[in-house]
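# Structural features, examined
Residues per chain, in single letters:
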Amino acid sequence: QVQLVESGGGLVQPGGSLRLSCSTSGSISNFNSMGWYRQAPGKERELVAVITNEGRTNSADSVKGRFTISRDNTKNTVHLQMNSLKPEDTAVYYCTYYTLWTQYWGQGTQVTVSS
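Described in the following lines is the structure provided in the data block. Worth saying up front: this structure is predicted, and the values here are computed from it rather than measured.

In this structure, Trp36, Val48, Phe67, Val78, Leu80, Met82 and Tyr93 are the most contacted members of the largest nonpolar core, which totals 27 residues. At the level of elements, strand S1 (2-7), strand S3 (18-26), strand S4 (33-39), strand S5 (46-52), strand S7 (67-72), strand S8 (77-82), strand S9 (91-98) and strand S11 (109-113) are the ones that each hand at least two residues to this core. Among the elements that make up this core, the one with the highest residue count is S9 (four residues). Filtering out sequence-adjacent residues up to four positions away, Tyr93 remains in contact with Glu6, Leu20, Trp36, Tyr37, Arg38, Val48, Phe67, Leu80, Met82, Gly108, Thr109 and Val111.

Across six bridges, the pairing between S1 and S3 is antiparallel. Looking at the pairing, Ser7 lines up with Ser21 of S3. Pairing of S3 with S8, which is carried by six bridges, proceeds in the antiparallel orientation. Bridge assignment links Leu20 to a residue of S8, and that residue is Leu80.

Okay, the side chain of Thr109 next. Looking at the secondary structure, you find Thr109 in strand S11. On the basis of relative accessibility, which here comes to 12%, the residue Thr109 falls in the buried class. A distance of 3.4 Å separates a polar side-chain atom of Thr109 from the backbone nitrogen of Gly9. When sequence neighbours within four positions are dropped, the list of residues in contact with Thr109 reads Glu6, Gly9, Leu20, Ala91, Val92 and Tyr93.

Cut-off values and rules
Each chain has its residues counted from 1, running along the sequence as written. The predicted nature of this model means local features are confined to residues of pLDDT at least 70 and side-chain atom pairs, given and counted, to a pLDDT of 80 or more, with totals for whole chains, interfaces and linings taken over all residues. Side-chain numbers come from the whole structure's heavy atoms, not from hydrogens or water. Definition of nonpolar core: a set of buried residues of the types Ala, Val, Leu, Ile, Met, Phe, Trp, Tyr and Cys, connected through side-chain atoms within 4.5 Å. Relative accessibility under 20% of the residue-type maximum defines a buried residue, over 50% an exposed one, and the middle range a partly exposed one, all with a 1.4 Å probe and only protein chains included. Only DSSP runs of H or I covering at least 4 residues are called helices, and only runs of E covering at least 2 are called strands; the numbering of each starts at the N terminus. Here, two residues are considered to be in contact whenever any of their heavy atoms come within 4.5 Å of each other. A strand pair is defined by DSSP finding two or more bridges across the two strands. Polar contacts, as used here, are pairs of N or O atoms within 3.5 Å; protein pairs need one atom able to donate a hydrogen and one able to accept it. Residues neighboring in sequence count only if both atoms are side-chain atoms.

Here it is in structure tokens:
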């Protein structure tokens, strides 16, 4: 089992920044990926950005150039730096940890971009 705890969500004005963090604990594999998905009201959950334990990243076109994902393998944490936020970034952001065999999710943290 792997437990994930997210932090850093909140309310921010358009153009502002937020930093999400996710810490993991439990049976952490040496080979894994971690990242973030989001779900807006009435929409399906979608990929935001993911990063492998080797540092390879993948992100949605809608956040490229604005969001940066990073991880600290020594602390089993992943971060999402979100800049130039837009109202359409409003969603519940979920941290995820996955390997070839399993996937775990955090409880989600609300990000609201509004003036």
